[in-house]
Amino acid sequence: MPHAFQQSVITEFRANAGKVGGPFEGADLLLLTTTGARSGKPHTTPLGYVRDGRRLLVVGSNLGAPLHPDWYRNLLARPTVRVELGDEEFESLAVPAEGARRDELFARVVARAPGYADYQDATDRVLPVVMLELPDPGTTAPVITSLADKLVEVHTWLRDQLRQVGAETEAHFAARASHPGGGEPPAPGLGLQIRQRCLAFCQALEFHHTAEDGHVFPTTEGFHPHLGHVFDRLREEHRSIGALQAALAALLADVAIAEPDRFRAELSRMTDELTAHLDYEEEHIIPLLAGVPWPPAPPAS
């Protein structure tokens, strides 16, 4: 899609709550914003989608071209994406389907949008089918009035993501153990879903710790210099956890996690160290931030 035309579709979509004319009139269309794998800059792409229960399916067709589209390569590097759907906007975890599951979902897509079968026939590559998680309609956003509330919200998200990665990893090992034939895994390595969720978690954790080291800790320590030993311990734990992040990131470098036993061991270490770190931080830092308003007041003009 030429850049100028793509931008006109994006502009029209946002101006009309997701409705566009021309060749996309009446089509199910969303805007997917990924983060550049190399540039780190946001890139927005209009894509057709098929709704499948509590998720959306998009296909990396690239109009049948021999290479995967840029947005697909971006989400493999940075799985957290931004989705605009009608007048809604939300973050989502992008997970490509694999094997028989991919074939099943692609058949569902083709049943709704037959043109994707023509794109598959035009290329030797297997067109990726990407699942985008929809927000849970039963989830109520917590009321955030202080920096302490915000910190607890972030910690809760991190704990939940780590729990889900751990549960998916253990489910993989359980399936491998019960598989006929001497415990060989049902598929090589660990799955894309585990990889994508773990990578998103690691990137969010790195961002969170960078913000704490650069802003929250120095400012708070300035008001509470007698707690210097607490902040020193937290910074040292950030370095230790960062080393674990680097080890996990190295294992996540390939699309398939090729060393599941090592991944499981590193994940277990990360879980133990991060859980203890978050508990200690909440015990000593949360009370200091309860009176700091969030979001912060704009600077006086």
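Note that the structure is a prediction, hence the values are computed from the model and not measured.

Calculation notes
- Residues numbered from 1 in each chain as written.
- Predicted model: local features only at pLDDT ≥ 70, side-chain atom pairs only at ≥ 80, totals over all residues.
- Heavy atoms only, no water.
- Helix = DSSP H or I, 4+ residues; strand = E, 2+ residues; numbered from the N terminus.
- Buried < 20%, exposed > 50% of the residue type's maximum accessible area, 1.4 Å probe, protein only.
- Contact = heavy atoms within 4.5 Å.
- Axes fitted to C-alpha atoms, helices over the stretch in contact; angles between N-to-C directions.
- Left-handed = near helix turned anticlockwise from the far one by under 90°.
- Nonpolar A, V, L, I, M, F, W, Y, C, P; charged D, E, K, R; others polar.
- Pairing = 2+ DSSP bridges.
- Phe/Tyr/Trp six-rings, centres within 6.5 Å; stacked < 30°, edge-to-face > 60°.
- Lys NZ or Arg CZ within 6 Å of the ring centre and 35° of its normal.

A. Structural context of the overall build of the protein. Counting secondary structure elements, the protein contains 9 helices and 7 strands. Based on the C-alpha atoms only, the size of the protein along its principal axes is roughly 70 × 65 × 35 Å. Burial statistics for the protein: of 301 residues in total, 41% are counted as buried. At a minimum sequence separation of 6, the contacts of the protein that also span at least 24 residues come to 69%.

B. Examining the packing of helix α6 (residues 192-223) against helix α8 (residues 260-284) more closely. Running from N to C, α6 and α8 cross one another at 35 degrees; their axes reach a closest spacing of 13 Å. Judged by the sense of rotation from one axis to the other, the crossing of α6 with α8 is left-handed. Two secondary-structure elements touch here, α6 through I194, C198, F201, L205, H208, H209, E212 and F217 and α8 through F263, M270, L274, H277 and E281. Taken together, the residues of the contact of α6 with α8 break down into 8 nonpolar, 3 polar and 2 charged.

C. Molecular detail of the sheet that holds strand β5 (residues 80-85). With respect to topology, 7 strands assemble into an open sheet ordered β2-β1-β5-β6-β7-β4-β3, the strand pairing being antiparallel. In this open sheet, the two edge strands, each paired with only one partner strand, are β2 (42-48) and β3 (50-52). Strand-to-strand twist of the sheet, defined as the mean angle between neighbouring strand axes without regard to direction, takes the value 35 degrees. Of the strand pairs in this sheet, strand β4 (residues 55-59) and strand β7 (residues 129-133) are connected by 5 bridges, and their pairing is antiparallel. The residue of β7 that forms the bridge with V59 is V129. Contacts between α6 and the sheet are confined to β5, β6 (88-96) and β7, with β6 contributing the most and set at about 130 degrees to the helix.

D. Fine view of the packing of aromatic side chains. For the coordinates displayed, the defined rule picks out 4 aromatic pairs. Pairing F5 with F24 gives two aromatic rings, centres 6.2 Å apart and planes at 25 degrees, and the pair type is stacked. In this pair, F5 sits in helix α1 (residues 3-15) while F24 sits in the loop between α1 and β1 (29-35), placing the two residues 19 residues apart along the sequence. Aromatic side chains Y116 and Y119 sit 6.0 Å apart centroid to centroid with 75 degrees between the ring planes, which places their arrangement in the edge-to-face category. With Y116 and Y119 both in helix α4 (residues 115-121), this residue pair falls 3 residues apart, about one helical turn. Positioned above the aromatic ring of Y280, the side-chain terminus of R233 is 3.6 Å from the ring centre. A cation over an aromatic ring shows up here: R264 above the ring of F173, its NZ or CZ 4.0 Å from the ring centre.

E. Unusual backbone geometry, seen in detail. In this structure, the amide linkage connecting W294 to the following residue, P295, adopts the cis form with an omega of 0 degrees. With respect to the element layout, P295 can be found in the segment after α9 (286-289). Despite not being glycine, L63 has its phi angle at roughly 55 degrees, a positive value. In this structure, L63 sits in the loop between β4 and α2 (70-77). Residue class for L63 comes out exposed when judged on its relative accessible area of 59%.

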